[in-house]
Amino acid sequence: MTTASHSRLACVFAVAASMGLHVVHAQYAYNPANADELPGIRYFGSAKDDKGALLPGASIMVANPQVSFLFVTDEQGRFRVNVPLNMVPEKVTLKCFKTGFQLVRLNKRLGPAAPKQTVQVDCVLRATASP
């Protein structure tokens, strides 16, 4: 892991701690070949700026009253994870944020429940004006 990656990860954990998250899990490697073998609900999506460019390093929070997960978009501005089955889409709170940006829109789209529940989460962020 590079020094820049360590700094970025430290910032994510600092933001998470300030938000009082119960549990924080970093994004893990995803292998599409065995995606259906992993237990849980598949959450995936992207973060873009208001001009449509994908945003790497944006944070996506998936939370319910018991636990919260924080994921960071990859170099292409996308994320893909499996969360526990108790993170049912109807009972989770979703947030999307990145330093220097404000949320414009967050869309949640449910996929079919079988053979595996999926939830697409896409957010649009706008750069804030610098002081």
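All residue numbers refer to position in the chain's written sequence, counted from 1. Totals for whole chains, interfaces and linings use all residues, but because this is a predicted model, local features are given only for residues with pLDDT of at least 70 and pairs of side-chain atoms are given and counted only at 80 or more. Computation of side-chain values covers all heavy atoms of the structure but excludes hydrogens and water.

## Concerning the environment of Thr99
Where we set the bar: Runs of H or I in DSSP of at least four residues are treated as helices and runs of E of at least two as strands, each being numbered from the N terminus.
With respect to the helices and strands, Thr99 occurs in the loop between strand S5 (93-97) and strand S6 (101-110). For the pair Thr99 and Thr128, spaced 29 residues apart in the sequence, the C-alpha separation amounts to 9.1 Å.

## Description of the environment of Gln120
Rule in force here: Two residues qualify as a contact provided that any one of their heavy atoms is within 4.5 Å of a heavy atom in the partner residue. Within 3.5 Å is the distance limit for a polar contact, defined as a pair of N or O atoms, with the added protein rule that one can donate a hydrogen and the other accept it, and that residues adjacent in sequence qualify only through two side-chain atoms.
Assignment of secondary structure puts Gln120 in strand S7 (residues 118-127). Leaving out residues up to four positions away in the same chain, Gln120 has contacts with Phe44, Asn107, Lys108 and Arg109. Side chain to side chain, Gln120 and Asp122 meet in a polar contact 2.6 Å long.

## What to know about the pattern of salt bridges
As a reminder of what qualifies: For salt bridges, the criterion is a side-chain nitrogen of Lys or Arg within 4 Å of an Asp or Glu carboxyl oxygen. Throughout this description, buried means an accessible area under 20% of the type-specific maximum (1.4 Å probe, protein chains only), exposed means over 50%, and partly exposed covers the range between.
In total, this model carries 2 salt bridges according to the counting rule given. A salt bridge links Lys51 to Asp50; the shortest N-O distance between them is 3.9 Å. By relative accessible area, which is 73% here, Lys51 ends up exposed. Residue Asp50 pairs with Arg126 through a salt bridge whose shortest N-O separation is 3.3 Å. Highlighted residues: Asp50 in the loop between strand S1 (41-49) and strand S2 (59-63) and Arg126 in strand S7, separated in sequence by 76 residues. Looking at Asp50, the relative accessible area reads 37%, which means it is partly exposed. Using a relative accessible area of 35% as the deciding quantity, one classes Arg126 as partly exposed. One salt-bridge network, held together by shared partners, links Asp50, Lys51 and Arg126.

Such coordinate-based values are descriptive only and should not be taken to indicate function.
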